[in-house]
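# Descriptive structure summary
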Amino acid sequence: MREIISGRILAIDEEERLVLMKVKNRIRQFYFQRSMINRIGKYLQVYRFVQFAINQDERIYRGNKVSDVDYVVKIMEIRHRKNIVYYDIKNIKSGTRSLINSLKVKMFLDLEMSMHPYKVDKTFKQEIIQVGYILIDSNNNEISRYNQMIKPTFHPKITRRTQKFLKITQEDVDKGIEYKEFYDSFKKDIEKYSPAIIVWGRNDFLALRESYKWNKVPSLNKKTRYINLLKLHKNYFHLKNDLGLFNALGLYNSEKEIPQMHDALDDAQVTKEIFDGFKRAINYNLQIDISKYK
């Protein structure tokens with residue numbers, strides 16, 4: 001069972017990530033996870049008003065009874081004339097809804113990467129070896145699909161770990177295109193459509209950023225806008241941990257069972273289905289049960 005706690009902060013232990021508050025004439029301690037502190041810690045100050053949800057079951061932490069904070073609802077400074085709101089989950093939800101509804105042309109992108117060898121090699125670079133993306137116009141009609149294997153620049157021979165995990169062969173990669181051919185096609189679509197690039201997590205964005213440097217081509221960072229759908233899920237549903245791509249798909253289509261094949265185009269399609277379901281959910285057109293991931 002969850003309980004909503006409201007009141008002023010009496011003290012903060014930054015090292016232990018504990019907040020002390022007086023609740024029903026009793027001083028209680030509340031524990032914040034590191035990820036939560038990283039997100040809202042700058043707003044937590046003594047005497048500010050805070051409202052958050054907790055798990056009602058207390059536990060012992062460093063010899064003290066604490067309650068774990070599930071998510072923060074609001075942080076504000078109460079003033080005589082006008083309160084100052086530093087954080088409000090309602091604003092985050094409405095902002096997410098506005099962002100998602102405002103997107104026009106969208107690119108659903110997924111990458112597969114080469115993997116380190118079983119034996120440690122500090123010189124190894126993980127490179128893009130497959131790219132899959134789907135372009136969708138503002139009316140939700142498909143413009144095009146892209147699916148290509150990419151020859152690695154630094155390590156042409158892929159590792160056994162890569163072959164086993166992605167279920168591909170060296171021949172599959174050898175038949176792929178050169179990185180520059182992918183880059184030119186990607187750049188052309190970016191410049192022609194200016195899409196919002198929807199990805200699941202940060203890894204794909206980071207991999208593309210590194211690939212520009214490694215392959216000595218002009219960066220497209222200033223021309224691209226990435227929407228991290230995983231982060232939007234975590235913030236909107238106040239999740240503590242990352243949600244897996246196929247777990248997210250199950251939220252919106254529990255009847256559809258798709259085996260995870262680690263194929264870039266397939267995963268790009270899954271990302272699109274998650275986006276469509278998320279958009280329906282945050283616009284109150286679909287009810288989902290997120291409780292088992294909290």
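Refer to the structure presented above.
First things first, this report covers the structure right here in the doc. (Residues numbered from 1 in each chain as written. Predicted model: local features only at pLDDT ≥ 70, side-chain atom pairs only at ≥ 80, totals over all residues. Heavy atoms only, no water.)

Since the α-helix turns once every 3.6 residues, residues separated by three or four places project in the same direction. Taking 1.5 Å of rise per residue, the twelve residues of helix H6 (residues 203–214) would be expected to cover 16 Å, and the 16 Å separating its terminal C-alpha atoms lies within 8% of that figure. Inspection of H6 places Asp204, Ala207, Leu208, Ser211 and Tyr212 among the buried residues, and these make up the whole buried set. Angular distribution of buried residues about the axis of H6 spans 140°; they occupy a single face of the element. Residues of H6 that are exposed and point over 90 degrees away from its buried face: Asn203 and Lys213. Where H6 is buried, its residues contact strand E8 (106–113), strand E9 (128–136), helix H5 (179–193), strand E11 (196–199) and strand E12 (225–228). (Helix = DSSP H or I, 4+ residues; strand = E, 2+ residues; numbered from the N terminus. Expected span 1.5 Å × (residues − 1). Buried < 20%, exposed > 50% of the residue type's maximum accessible area, 1.4 Å probe, protein only. Arc of directions from axis to C-beta. Contact = heavy atoms within 4.5 Å.)

Moving on, we get to the environment of alanine 207. Relative to the assigned elements, alanine 207 resides in helix H6. Between the alpha carbons of alanine 207 and lysine 90 there is a distance of 33 Å; along the sequence they are 117 residues apart. The residues touching alanine 207, leaving out its near neighbours within four places in the chain, are Leu111, Met113 and Ile128.

Another aspect to go through is the pattern of salt bridges. For the coordinates displayed, the defined rule picks out 16 salt bridges. The residue glutamate 142 makes a salt bridge to arginine 145 at a minimum N-O spacing of 2.9 Å. Since its relative accessible area comes to 43%, glutamate 142 is described here as partly exposed. Given the relative accessible area of 42%, arginine 145 is considered partly exposed. Ionic pairing is found between glutamate 178 and lysine 151, a salt bridge with its closest N-O pair at 3.7 Å. One end of the pair, glutamate 178, is in the loop between helix H4 (170–174) and H5; the other, lysine 151, is in the loop between strand E10 (142–149) and helix H3 (160–166), and 27 residues separate them in sequence. Within this structure, Arg26, Arg28 and Glu58 form a network of salt bridges that share partners. (Salt bridge = Lys/Arg side-chain N within 4 Å of Asp/Glu carboxyl O.)

Without other data, these values stay purely geometric and don't point to any function.
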